[in-house]
Amino acid sequence: MRSLVISSLCFLSGLSSLVSGASVPRYFESQPTTRRNLTSQEVRRELGSQVSPGTLIYGPGDAEFANLTSRWTDFSKPDVRVVIEPAAESDVSTIVKYCNHNSIDFLAIGGGHGLAYSLKKFSGLQISMRQLNNITIQGSGKSAWFGGGTVVGPVIQYLYDRGYVTTTGGCECVGMLGAGLGGGHGRYEGLYGLISDNILQLRVVLADGSAIVVSKSSHSDLFWAMRGAGHNFGIVTSYEMNIFPVGPKTWHWHNYIWRGEQLETVFGALNAFHNNGSTPVNMAFEAGNFLMDTSITSEEPVLYWTFAYRGPADEAEKLLAPFNAIDAVSSTMGDVPYSQIATAQGTSWDSAICQHGLVHVTSSVFLQVFNVTTERQIFEGFKRRAQSSPALAAGSSIMHEGYSTEAVDKIDPASSAYPFRGDHHLTLFNAVAPSPDYEAAARAWAAEVRDQWIAGQPGRKLDAYVNYANGMETVPDWYGHESWRIERLKSLKAKYDPYNRFRYYNPIIAA
């Protein structure tokens, strides 16, 4: 249980590109002709000769189909009839045009971590981006091109082995674009900003199958939208991002477990530590969970916290002195290269958080500071479940993330569609329902915790990170409460996706 650390780092939300669509005139007739019985045999016969030789097509009868359609949560699992793995970027346009001609909806995915309840409405053809995973460092050493199917872990390792880093999510199993198109929080944001802040240009396939380059100088209006609301506009087949020298070779980590009686002291220290957005830039990331650890107690959850510092132990431990002063059940620490920090913090490929196939019921709220009274209320609610419904409590956790946000805060909030630069903490309620009988109770608990977080920040509206949002929030909750933001996004939808083909991931325009 101690490895169950959830991080923004993680959600990614796993759509590595954008979601769903088909837009040819026949599809939009009042009574369109729609393929009712879509099979892999038909798709191979009709499409196989039009795509690259390495493109793979799978149906439910193929051994690989279950792996390709596996997702982090089955709570909002889409109905996938056929999976296509394009071997080349050009294949994506071909596939989209084929789907348009045959009135087939499509969904492009990378890591499969999308939480959005709207994904459950999808039925059709999945475009698996995993073959588009190439990385090419540019001669300047200041940027690299990445395939649209790249995933965080391989990106970190590839760049690190060559002396570079870039902004990524923190869970190694999450698609880079699933996180990046919604913003993308991670361990380097204090220095360099979000994933989306470091995207220089993207190759995008639109809903009509056309392929365009999107940047500050090409379709600049769409470039604004892609960085924060990108899942609504197209499929990214490749993208160029800033990269940076590795810097310090050593990262220090320190993990703690505290009992519930220390909650007020821990959250008081956290608020002083972050000081409402002024966290030291090298104190890159901390994440903590309320979770059950029956080796300590079965009566209530414990507080599990992990800290990561970009630099040596002596520097880090000076900053962590307030936490070292709190009586802990467990306190462990170490020093690793950056490429191993995910393992130390429980967000690597092999960690519990990266495992697929469970039913996760979630809710999420952005915060500026932690309300200590609220956190006690939430903890006591968890304690009640531990005693009344131990099977539900056993797989559940309530996550709190804090970052160094200096570079994020410096960027003009109007420069991209990402709306919540003033928020410093991500939260995620995550209940694993052990059977369908527990889902209603899990949903009620998720709503209770969400409402407590909201009530604990009087005068502020619900800000929900689109990559963590469960889909039950409103469009302004995902994309910003300023009316101009929503109006601009709707205008760009009308321009680039007039028939709302990309509507399965927290859509700007509901289906």
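All residue numbers refer to positions counted from 1 along the written sequence of the respective chain. pLDDT decides what is reported in this predicted model: residues at 70 or higher carry local features, side-chain atom pairs at 80 or more are listed and counted, and totals for whole chains, interfaces and linings draw on all residues regardless. With hydrogens and water set aside, each side-chain value is computed from the structure's full complement of heavy atoms.

Student: Sorry, what's going on with the packing of helix α1 (residues 40–47) against helix α3 (residues 89–101) here?
Tutor: Packed helix pairs are specified by the crossing angle of their axes together with the interaxial distance, meaning the distance between the axes. Lines fitted to C-alpha atoms define the axes here, with helix axes fitted over just the stretch in contact, and angles between the N-to-C directions of these axes take values from 0 to 180 degrees. The helix and strand labels rest on DSSP assignments: H or I over at least four residues marks a helix, E over at least two residues marks a strand, and numbering proceeds from the N terminus. It is at 12 Å that the axes of α1 and α3 come closest, and there the two elements cross at 115°. In terms of their interaxial angle, α1 and α3 are classed as roughly perpendicular. The interaxial crossing formed by α1 with α3 has right-handed handedness. Across the interface between the two elements, Glu 42, Val 43, Glu 46 and Leu 47 of α1 pack against Thr 94, Ile 95 and Tyr 98 of α3. Taken together, the residues of the contact of α1 with α3 break down into 4 nonpolar, 1 polar and 2 charged. An angle below 35 degrees is treated as roughly parallel, one above 145 as roughly antiparallel, one from 65 to 115 as roughly perpendicular, and anything else as oblique. Two helices cross in a left-handed way if the nearer one is turned anticlockwise from the farther one by less than a right angle. They cross in a right-handed way if the turn is clockwise. When checking whether two residues touch, look at their non-hydrogen atoms; a contact exists if any pair is within 4.5 Å. Throughout this entry, Asp, Glu, Lys and Arg are counted as charged residues, while Ala, Val, Leu, Ile, Met, Phe, Trp, Tyr, Cys and Pro are counted as nonpolar. The remaining residues, Gly among them, count as polar.

Student: Would you mind showing me how to read the pattern of salt bridges here?
Tutor: Whenever Lys or Arg places a side-chain nitrogen within 4 Å of a carboxyl oxygen from Asp or Glu, that contact is recorded as a salt bridge. Following the criterion strictly, the structure yields 21 salt bridges and no others. Notably, a salt bridge pairs Asp 79 with Arg 81, separated by 2.8 Å at the nearest N-O pair. Here the term buried applies to any residue with accessible area under 20% of the maximum for its type, exposed to any over 50%, and partly exposed to those in between, with areas from a 1.4 Å probe on protein chains only. With relative accessibility at 32%, the residue Arg 81 sits in the partly exposed group. Of the charged contacts in the structure, one is a salt bridge between Arg 460 and Asp 463, with a shortest N-O distance of 3.3 Å. Arg 460 sits in the partly exposed class, given a relative accessible area of 23%. Connected through salt bridges with shared partners, the residues Glu 64, Glu 85 and Arg 130 form a single ionic network.

Student: Teacher, can you tell me more about the UniProt feature "domain: FAD-binding PCMH-type" (unreviewed entry) in the protein chain here?
Tutor: UniProt positions are given in the numbering used here, feature names are shortened, and annotations may be inferred rather than shown by experiment. UniProt records the feature "domain: FAD-binding PCMH-type" (unreviewed entry) for residues 75–246 in the present numbering. The span residues 75–246 is 24% helix and 28% strand, and its two end C-alpha atoms sit 39 Å from each other.

Student: What am I meant to see in unusual backbone geometry here?
Tutor: Note: most peptide bonds trans; most residues except glycine with negative phi. Backbone geometry places His 219, a non-glycine residue, at a positive phi of 55°. The topology assignment puts His 219 in the loop between β9 (211–215) and α7 (220–229). Here His 219 falls in the partly exposed class, since its relative accessible area comes to 34%. At Asn 275, a position not held by glycine, the phi torsion is positive, near 50°. Mapped onto the secondary structure, Asn 275 falls in the loop between α8 (263–274) and β13 (285–293).

Student: What is the right way to look at the sheet that holds strand β10 (residues 235–242) in this model?
Tutor: Pairing between the strands of a sheet is mediated by backbone hydrogen bonds and can be parallel or antiparallel. Pairing between strands is defined by DSSP: at least two bridges between them are needed. Strand order in the open sheet formed by 5 strands is β5-β6-β10-β8-β9, and the pairing between neighbours is antiparallel. Only two strands of the sheet have a single neighbouring strand rather than two, namely β5 (135–137) and β9. Neighbour-to-neighbour, the strand axes of this sheet turn through a mean angle of 15°, independent of strand direction. When strand β6 (residues 143–147) meets β10, the two strands line up antiparallel, connected through 5 bridges. Note on β10: the bridge partner recorded for Ala 144 is Met 241. In this fold α3 packs onto β8 (199–205), β9 and β10, with an angle of close to 150° to the strand it touches most, β10. Taken strand by strand, helix α4 (residues 152–161) contacts β5 and β6, and its axis lies near 30° from that of β5.

Student: For this particular structure, what's the right way to read the side chain of Thr 427?
Tutor: Inspection of the secondary structure assignment puts Thr 427 in strand β19 (residues 425–432). For Thr 427, a relative accessible area of 0% gives the class buried. A polar side-chain atom of Thr 427 sits 2.6 Å from the main-chain carbonyl oxygen of Val 365. Ignoring anything within four residues of it in the chain, the contact list for Thr 427 reads Ser 363, Ser 364, Val 365, Leu 367, Met 399, His 400, Trp 453 and Tyr 468. Polar contact is defined as a pair of N or O atoms within 3.5 Å, subject to the rule that within protein one atom must be able to donate a hydrogen and the other to accept it, and that residues adjacent in sequence are counted only when both atoms are side-chain atoms.

Student: Help me out: how do you make sense of the sheet that holds strand β4 (residues 123–128) in this one?
Tutor: Within the open sheet, the 4 strands sit side by side as β1-β2-β4-β3. Their pairing is mixed. A single partner strand is all that each edge strand has here, and the edge strands are β1 (56–58) and β3 (106–109). Mean inter-strand twist for the sheet, computed between neighbouring axes without regard to direction, equals 25°. The sheet strands contacting α3 are β2 (79–85), β3 and β4, and the helix crosses β4 at an angle near 170°.

Student: Quick question: what am I supposed to make of the environment of Pro 248 here?
Tutor: Its location among the elements puts Pro 248 in the loop between β11 (244–245) and β12 (251–258). A relative accessible area of 30% means that Pro 248 is categorised as partly exposed. Residues Pro 248 and Val 408 lie 160 residues apart in sequence; the distance between their C-alpha atoms is 21 Å. With residues near it in sequence (within four places) discarded, Pro 248 still touches Arg 310 and Gly 311.

Student: Explain the confidence of the model for the protein chain here, please?
Tutor: Fine structural detail should not be taken from predicted coordinates in areas where pLDDT scores are low. The predictor attaches a confidence to each residue, called pLDDT, with possible values from 0 through 100. Model confidence for the protein chain is summarised by a mean pLDDT of 93, while 93% of its residues fall at 70 or above. Confidence drops under a pLDDT of 50 for residues 1–9, and excluding neighbours within four residues, the segment shows 54 contacts in the predicted structure. In this model, residues 11–34 is a region of pLDDT below 50 whose contacts with residues beyond four sequence positions or in other chains number 119 contacts.

Student: Help me understand the nonpolar core, please; the structure alone is not making it clear to me.
Tutor: It is characteristic of soluble globular proteins that their nonpolar side chains tend to be buried jointly. Definition used in this section: a nonpolar core is a set of buried Ala, Val, Leu, Ile, Met, Phe, Trp, Tyr and Cys residues joined via side-chain atoms within 4.5 Å. Core analysis: the largest hydrophobic core is formed by 86 residues, its most contacted members being Phe 146, Leu 202, Leu 222, Met 226, Phe 233, Tyr 479 and Leu 489. The biggest single contributor to this core is α7, with 6 residues. Among the nonpolar cores identified, the runner-up in size contains 41 residues, and Phe 75, Val 361, Phe 379 and Phe 382 belong to it.

Student: Where do I start with the environment of Arg 443 in this structure?
Tutor: With respect to the helices and strands, the residue Arg 443 is situated in helix α15 (residues 439–455). With 12 residues separating them in the primary sequence, Arg 443 and Ala 431 have C-alpha atoms 8.4 Å apart. Residue contacts for Arg 443: discarding those within four places in its chain leaves Phe 75 and Val 361.

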